[in-house]
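Single-letter residue listing:
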Amino acid sequence: MKVLVVGGGGREHAIIKKLRENPEITELFALPGNGGMAGDAVCVPIAATDVAAITDFAKKEAVDFAVVTPDDPLALGCVDALEDAGIPSFGPRQNAAIIESSKAFSKELMAKYHIPTAAYAIFTDLQKALEYVATCPIPTVIKADGLALGKGVVIAQTREEAAAAVRSMMEDKVFGDSGSRVVIEEFLEGPEVSVLSFTDGETVVPMVSSMDHKRAGDNDTGLNTGGMGTVAPNPYYTPAVAERCMNEIFLPTIRAMAAEGRPFRGCLYFGLMITKDGPKVIEYNCRFGDPETQVVLPLLKSDLLTIFRAVRDGKLAETPVEFSDGAACCVVLASKGYPGKYEKGYPIALPDTGAHEAIYIAGATRDESGVLRTNGGRVLGAVATADTLQSAVTAAYALADRIHFENAYCRRDIGRRALQAL
C-alpha cells in the first residue's frame, strides 16, 4: 500500500512512525514533512495547505490511503478533495472541521445540545466587545473565532488585559480574519485533560487521556505555546470522570454533529476542564493534538492504519482499539526565545534510541551535506514509555539530556502536576 500523510510536524512524525509498523505499507509520503523525518517517509515539498497540489500528487502516485492531520487543510476541504478524486482518506470533511475552525460555531453547538461548557458571548462589533469586558467577571478568556496556530486564546487577569486582547484581535488583526469575530468566555478552574478520540460519526473510542503543558516556562509561567510537553495517562481522568465525559460530552457531540448534517469522521480532540461542577469542554480540535499525539500513539497496541480505515468506512464498532497499561512522557526541546523571536540553523546531534524511546522531529531541516539543523520554535519531542508515569518522566528527561543543539531549552517540570495527583 501507498500511504500519504499531510503535515510536517512532530505529530505527523509520530503518526508516520506508528504507520510504519504495518507491513502492508510499502511507501509512505509526507507532504511536506521535514528533514528530521526523511528516514521514515519520502518528504515531498508540497505545502499542507496546497489542496490542489496534494490531490494531484495523490492521483499521480496512485496513493491508496491519505491521512490529513493539520487543522488548516482540514478546514480548507482537503479530505473532500481527496475523496472526490477517489483517494480514501482519514479526517473530517470541511463541513465537520468547522467544529475547530469556528469557535463561535462550537459554542453555539454546545449550547443548542446542552453539552457542558463555559458561559460565553460572541462579538463582531469592537465597541460592544469592549463594553462587555468592562463589566464581565475577571479573569476572562478571549478567543479569536478562527484558526490561529493554537495561539488565538488570551486569559485576561485584568480588565486592561481583556480590552487589550480584544483590540489586538479585532482592531489590530494580529490573527488576520480569524479575529474579526471573538468569543469571550467565563474562566473555568480545575485540572485540564486532553482526550483524543477516534470516531466514525456514530461510534466513539477515546484514546488514552493526556495532560498538556502550554506555558513556555516552568510552573506554568511565560507565554502560551503550542505545547512544551505532555504525559499520559492523565491521573485526573478517573474512570468515573471518563464515564461522565462519554455520556455528557463525547456521544452528545457526535450525535449533535450528525443532527446538524455534519457527521464527524476522524480524530476529535476534546479539551476538557474538570470543574467542581463536573467535566466541561474548553475546546474541540478536529484532529490529533500536538504534542498529545506523541504520548498517546506510543501506547497504542492496535494497528493504526486498520483503525484509520475503519473510521473512514464506518466500521469502528467492530474494530479492536487497544492501549497498553503503561505511561508515556514527551519533553519538547525548543529554540530559546520561542514562542517569540528565536534563531535557527543550528546543527542537531541526536543519540541512538532504545526500545522504549522515540524522538519526533517537528522543526528541522537537512542542509546540502545532510546535517540536521533547527528550523522552528519547537524543534523536537523526546518521548519515553514505561510501566509507571514516574519512570516515563525520568526516562524522557534522560533522553532529552542526550540531545544537543545550540540555543535549546525545555521545561524541567513536565509531569510534575500529574505525579503530585497520583
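Okay, so let's go over this structure. Counting restarts for each chain, with residues numbered from 1 along the sequence as it is written. Local features are withheld for residues below a pLDDT of 70 in this predicted model, meaning they are given only at 70 or higher, and side-chain atom pairs are given and counted only at 80 or more; totals for whole chains, interfaces and linings count all residues. Based on all heavy atoms of the structure, the side-chain values leave hydrogens and waters out of the count.

Paired through backbone hydrogen bonds, the strands of a sheet run either parallel or antiparallel to each other. Taken in spatial order, the 5 strands line up as β3-β2-β1-β4-β5 in an open sheet, and their pairing is parallel. Sheet topology places β3 (42-43) and β5 (89-90) at the edges, where each strand pairs with a single neighbour. In this description, strands pair whenever DSSP reports at least two bridges between them. To qualify as a helix, a DSSP run of H or I must reach at least 4 residues; to qualify as a strand, a run of E must reach at least 2; elements of each kind are numbered from the N terminus. Pairing between strand β2 (residues 27-32) and β3: 2 bridges, direction parallel. In the sheet register, F29 faces β3, and the bridge partner there is V42. Working rule for contacts: check all heavy atoms of both residues, and any pair within 4.5 Å makes them a contact. To get an axis, fit a line to the C-alpha atoms, keeping to the stretch in contact for a helix; angles then go from 0 to 180 degrees between the N-to-C directions. The sheet contacts of helix α1 (residues 10-19) involve β1 (2-7) and β2, and relative to β1 the element is tilted by about 165 degrees. Packing of helix α2 (residues 51-60) onto the sheet brings it into contact with β1 and β2, and relative to β1 it is tilted by some 170 degrees.

Each Phe, Tyr or Trp ring (for Trp, its six-membered ring) is paired with any other whose centre lies within 6.5 Å, and the angle between the two planes then decides the class: stacked below 30 degrees, edge-to-face above 60, tilted in between. In total, this model carries 9 aromatic pairs according to the counting rule given. Aromatic pair F198 and F288: ring centres 6.2 Å apart, planes at 75 degrees, arrangement edge-to-face. Here F198, found in strand β10 (residues 192-199), pairs with F288, found in the loop between β17 (278-285) and α10 (293-296); they are 90 residues apart in sequence, far enough to count as distant. With relative accessibility at 0%, the residue F198 sits in the buried group. Whether a residue is buried, partly exposed or exposed follows from its accessible area with a 1.4 Å probe, protein chains only, as a fraction of its type maximum: under 20%, in between, or over 50%, in that order.

To continue, consider the nonpolar core. Residues belong to one nonpolar core when they are buried, are Ala, Val, Leu, Ile, Met, Phe, Trp, Tyr or Cys, and are joined through side-chain atoms within 4.5 Å. Counting residues in each nonpolar core, the largest one holds 47 residues, and the members touching the most others are L4, F250 and L272. Broken down by element, this core gets its largest block of residues, 9 residues, from helix α9 (residues 239-259). Look past the residues within four positions of L272 in its chain and what remains in contact with it is P191, E192, V193, V195, Y237, C245, I249, F250, K280, V281 and I282. Ranked by size, the runner-up nonpolar core spans 43 residues in total, among them M37, I307, F308 and Y360.

Shape is all these values report; function is a separate question.
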